[in-house]
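Fold and contact review
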Amino acid sequence: MIARAFSYRASLTDARRLDAHLWKAKDQRPELLEMRNLCVDRTIDGMQAMAALTAASRAKIAFWHLYISPRRTLTAAEATQVVDLVVTELKANGHPVLVFAHNDKPRAGGGGANHLHVVIGHVSPTTFRALDMRHHAPRLHKVMALAAYLIEGEAVPSPWQKSIIEALRADGNDHVADWLVDELGSMPVINAPRMTDSMRRSAQAVGFPLSGFQSGLERLWNSPATEAEIAAFLARNGVTARRGIAANVVAFHHEKLYVGSLHRILRQGASIVHQEAQRRIPRFLDAYESIEPDAAPLRAMPEFQKPTASERRARLNLQKRIDAIEGPLARLKTERLSLIYRPGHASPHEQKSQDEIAIRIHRLARAETILENAISLLWQDAGWMARPELELMQAAEKVVASAAEDIPPDRSDVEIVLREGDEQAPAPGWSP
């Protein structure tokens, strides 16, 4: 789970532009989740009220726009929990707040099908005091680390890892700090981003789905895809391969638009990726070696530039099916973390011996692996969409059992997966 914050001044033009973005309904479903300390009919009026409060103080900032992107789709209760953590950290309990969710966003390479937008007024309508937003970036990263522990069970590296750990310990969250150190270390190595801001803006200008292309290519490369399947994927997106700035760099272009290099998309070393490419797609590399550097790529067919309505509907149905698995998966992860880092935190009637805790942790970890492999099977083969979850889980368990020889063959953890999954209502496309 990651978050970024942007400040806005009292400009009506900027407020209208942000309001239009929050209510944008193209390829998504916007939803106003809640409104705090405001009583207005329109959200643009709420932003104007935030801007008007700056007249009561010497503040130059009218409001803050926070973007929160989770690794999985959040429920309404989880979204409220995340917003409460952010508001508490920023001490904005008395400030006006607007919370939006952009839903039904199919993600090509995983991630949640929704994300949050939080607009927080900079000046309080009761005390007329402005927010203290000094060092807001590391503070938000600390909140996201806490939310990841409570909701997702998967750590996210941060450039402020050391200060985040110290702040968590100061707040009494030593178990979260210990988890971050065990998962990422005190100074984690952060991979370079797959795209720059200029690449993203250029792709948006021509309507090319850059994020979907990069994540789709990464998922296809990590699966046992053939050379023909990779070539077909590039043709569908109107992308051609060329030699990059170095001999071992495979660069991709959509017409004149640079859309990434293979090693950056995979976040691996250029030499390692090029050696694997020579083994997996030799004819494809031979073809791009013969292309002149200044030669213009073939113009893509218009229907290949953007996914069709049926493709987007299929991807969204797949995302909903995956959401139904990721909910129980996150609960298993958070329970395992609680048993590891807070074993004495359970109620007295739930106290267990060390051996019982160790067995439970082992079974939870194996059940998590089964669910993760089930998600991988869904991404790799769309045929699993129409098959029941028991068959899907059993196939995923076979993959896990084949990779772990020390697991007794008569010991099944599918019942843990299915029992935990009963707590969440099935999503559309999830067979009974």
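Scroll up for the structure.
Now for a look at the structure at hand.

Reading the values: the criteria
- Residues numbered from 1 in each chain as written.
- Predicted model: local features only at pLDDT ≥ 70, side-chain atom pairs only at ≥ 80, totals over all residues.
- Heavy atoms only, no water.
- Buried < 20%, exposed > 50% of the residue type's maximum accessible area, 1.4 Å probe, protein only.
- Helix = DSSP H or I, 4+ residues; strand = E, 2+ residues; numbered from the N terminus.
- Arc of directions from axis to C-beta.
- Contact = heavy atoms within 4.5 Å.
- 1 Å grid on protein atoms, 1.4 Å probe; cavity = no way out; pocket = protein on both sides within 12 Å on 5 of 7 lines; lining within 4 Å.
- Points joined across faces, edges and corners; volume = space filled by probe spheres on them.
- Nonpolar A, V, L, I, M, F, W, Y, C, P; charged D, E, K, R; others polar.
- Pairing = 2+ DSSP bridges.
- Axes fitted to C-alpha atoms, helices over the stretch in contact; angles between N-to-C directions.
- Salt bridge = Lys/Arg side-chain N within 4 Å of Asp/Glu carboxyl O.
- Parallel < 35°, antiparallel > 145°, perpendicular 65-115°, else oblique.

A closer look at helix 5 (residues 161-170)
- For helix 5, the full list of buried residues reads Gln161, Ile164, Ile165 and Leu168. Down the axis of helix 5, the smallest arc covering the buried residues is 100 degrees, so these residues share one side. Relative to its buried face, helix 5 has exposed residues pointing more than 90 degrees away, namely Lys162, Glu166 and Ala170.
- Contacts from the buried residues of helix 5 go to helix 4 (136-152) and helix 6 (174-184).
- Phi turns positive, to about 85 degrees, at Gly172, one or two residues after helix 5.

A closer look at empty space enclosed by the protein
- Taken as a whole and assessed by the stated rule, the structure comprises 2 cavities of 30 Å³ or more.
- Empty space within the largest cavity amounts to approximately 110 Å³.
- Lining the largest cavity are Met1, Ile2, Ala3, His141, Met144, Ala145, Val156, Pro157, Ser158, Gln161, Ile164 and Leu180.
- At the level of secondary structure, the elements contributing two or more residues to the lining of the largest cavity comprise strand 1 (2-9), helix 4 and helix 5.
- Residue contributions to the lining of the largest cavity peak at 3 residues, all from helix 4.
- When its residues are assigned to classes, the lining of the largest cavity shows 9 nonpolar, 3 polar and no charged.
- Roughly 50 Å³ of internal volume is contained in the second largest cavity.
- Along the walls of the second largest cavity sit Leu217, Trp221, Ile230, Leu234, Phe252, Leu262, Ile281 and Phe284, which together make up its complete lining.
- For the lining of the second largest cavity, the elements supplying multiple residues, two or more each, are helix 8 (210-222) and helix 9 (227-236).
- Split into classes, the residues belonging to the lining of the second largest cavity amount to 8 nonpolar, no polar and no charged.

Looking at the sheet that holds strand 3 (residues 61-69)
- Taken in spatial order, the 5 strands make up an open sheet running 1-3-5-4-2, and their pairing is antiparallel. Either end of the sheet is taken by a strand with one partner, and the two such strands are strand 1 and strand 2 (29-36). Ignoring which end each strand starts from, the neighbouring axes of this sheet average 20 degrees apart.
- As paired elements, strand 4 (residues 97-103) and strand 5 (residues 115-121) share 6 bridges and run antiparallel to each other. Bridge assignment links His102 to a residue of strand 5, and that residue is His115.
- The sheet strands contacting helix 3 (residues 76-90) are strand 2, strand 3, strand 4 and strand 5, and the helix crosses strand 2 at an angle near 50 degrees.

Here we look at the sheet that holds strand 8 (residues 257-261)
- What the 3 strands build is an open sheet, ordered 6-7-8; its pairing is antiparallel. The sheet terminates laterally at strand 6 (240-243) and strand 8, the two strands that pair on one side only. When strand polarity is set aside, the average angle formed by the axes of neighbouring strands in this sheet is 35 degrees.

Looking at the pattern of salt bridges
- Inspection of every chain in the model, using the stated rule, returns 23 salt bridges.
- One salt bridge in this structure joins Arg36 and Glu34, with 2.9 Å as the shortest N-O distance.
- Via salt bridges that share partners, Arg71, Glu154, Lys333 and Glu372 belong to a single interconnected network.

A word on the packing of helix 4 against helix 6
- At their nearest, the axes of helix 4 and helix 6 sit 10 Å apart, and the two run at 90 degrees to each other. In terms of their interaxial angle, helix 4 and helix 6 are classed as roughly perpendicular. For the pair helix 4 and helix 6, the contacting residues are Ala145, Leu146, Ala148 and Tyr149 in the first and His175, Val176, Trp179 and Leu180 in the second.
- Here the contact of helix 4 with helix 6 is built from residues that sort into 7 nonpolar, 1 polar and no charged.

Topic: the environment of Lys105
- Secondary-structure assignment places Lys105 in the loop between strand 4 and strand 5.
- Each C-alpha atom of the pair Lys105 and His115 lies 8.5 Å from the other, and the pair is 10 residues apart in sequence.
- With sequence-adjacent residues up to four places away left out, Lys105 is seen in contact with Asp27, Gln28, Gly112, Ala113, His115 and Leu316.

Structural notes on the pairing of strand 6
- As paired strands, strand 6 and strand 7 (residues 250-254) are joined by 4 bridges and run antiparallel to one another. Each residue of the ladder has a partner; that of Thr240, found in strand 7, is His253.
- Here strand 6 folds back onto strand 7, and the loop between the two strands holds 6 residues.

Focus on the environment of Asp14
- Note that Asp14 resides in helix 1 (residues 12-22).
- A relative accessible area of 27% places Asp14 in the partly exposed class.

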